[in-house]
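Here is how the chains run, residue by residue.
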Amino acid sequence: MIYYSRYIKEFIADTAHLSLMEQGVYDRLLDKYYLDESPIPDDKKYRWTRATTDAEIAAVDAVLDEFFTLVDGHWHNKRADQDIVECHAKASTSRENGKLGGRPKKTQNEPKPNLEGTKEEPNQNLEKPRGFISETQEEPSRKPFIRQEPITTNPPSANALVPPEGEENQAEPQWWTFADTFDPVACELVSTVRASKGYAGFDPPQQAVDDLLAWVRGFAPDDQVIRSVFDGFKERADAKRGKAEYTDVLRTLRNWFGSREAQWRSVRRQREIDSRHAAKSQSGGGVAQMYADAYNSFAEEAAS
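Everything in this summary refers to the structure shown in the same document. None of the values given here were measured: they were computed from a predicted structure.

**Some details on the overall build of the protein**
Counting its regular elements, the protein contains 11 helices and 3 strands. Mapped in sequence order, the helices and strands of the protein form the string α-α-β-α-α-β-β-α-α-α-α-α-α-α. Looking at the 304 residues of the protein, the share that counts as buried comes to 26%. Once local pairs closer than 6 in sequence are excluded, the contacts in the protein between residues at least 24 apart make up 69%.

See below:
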């Protein structure tokens, strides 16, 4: 296949939590999958994605684990397999029609059955504009269409996470509203999730959020990358049109953070190496300046 359809809204909803590197890996795997019309061999997954660094290899593993299934040494994608089967079926139908001289032609000027019981011929009023009734035409008797609305309403979904009626006006301010007192990132995490469609009732215990962030900060390069994950959660939730997809939000975020652990540790190690090199350069400059100052002082004493 040299072409395949991508439904942008669904794609964004399913991949909003991916990092930029993981998004590129996913695109490259899908392009190769559709081009070859076959699943990804497990022994060639890194070669085909051109992954060489630890971070790139970790991104390939994370994407395959989430969006593909390993069967007999090959990574399958359910949607891609379905599209390829449909493409082959259409191609087969086109070949059969070609052998018969092309697609079957539609019958022209075929009289339509008179379903309304009137006496006029089907083509009697073709010269009249639509919406007008002939003076000699008997208006058929039709029963008015009445749209039936359900009498009872469905109970709210258990995943809606909507607080009980009136509780938001009666409850005391929650801990996550005091960013000056508590961890600002923890407060921002809760606020972002609550602002997501379908998660207005998200109100986790402070200790649970603090424990999650303490674990993530053990390998995350900085708080900015942590924020990018729950920002991605909001984008995914908003794309779902208000239907809550996850009942355990903190567990979902922990899984998303965990899928980035190898990549973030690699970035963190590189930053530490760069920092040590910079410190050595600064210390080297200090020693040189010390010797220069000592030489200048000795020269001044000798001149005097």
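Having seen the structure, we can now continue with the description.
**Details of the nonpolar core**
If you look at the biggest cluster of nonpolar residues, it comprises 29 residues, and the most contacted ones within it are Leu189, Tyr199, Val216, Ile226, Phe233, Leu253 and Phe257. At the level of elements, helix H7 (184-194), helix H8 (206-216), helix H9 (223-239) and helix H10 (249-259) are the ones that each hand at least two residues to this core. With 6 residues, the single largest contributor to this core is H7.

**Some remarks on the sheet that holds strand S1 (residues 40-41)**
Strand order in the open sheet formed by 3 strands is S1-S3-S2, with antiparallel pairing between adjacent strands. Looking along the sheet, the strands with just one partner apiece sit at the ends: S1 and strand S2 (69-71). By the bridge criterion, 3 bridges tie S2 to strand S3 (residues 74-76) in an arrangement that is antiparallel. Bridging from a neighbouring strand, leucine 70 pairs with tryptophan 75 of S3.

**Regarding the environment of alanine 51**
Within the element layout of this structure, alanine 51 appears in the loop between helix H3 (45-49) and helix H4 (54-67). The exposure class assigned to alanine 51 is buried, which follows from its relative accessible area of 12%. Distance from alanine 51 to valine 25, taken between C-alpha atoms, is 8.8 Å for residues 26 residues apart in sequence. Apart from residues lying up to four places away in sequence, alanine 51 is in contact with Tyr46, Glu56, Ile57 and Val60.

Reading guide: rules and limits
- Residues numbered from 1 in each chain as written.
- Predicted model: local features only at pLDDT ≥ 70, side-chain atom pairs only at ≥ 80, totals over all residues.
- Heavy atoms only, no water.
- Helix = DSSP H or I, 4+ residues; strand = E, 2+ residues; numbered from the N terminus.
- Buried < 20%, exposed > 50% of the residue type's maximum accessible area, 1.4 Å probe, protein only.
- Contact = heavy atoms within 4.5 Å.
- Core = buried A, V, L, I, M, F, W, Y, C linked by side-chain atoms within 4.5 Å.
- Pairing = 2+ DSSP bridges.

Without other data, these values stay purely geometric and don't point to any function.
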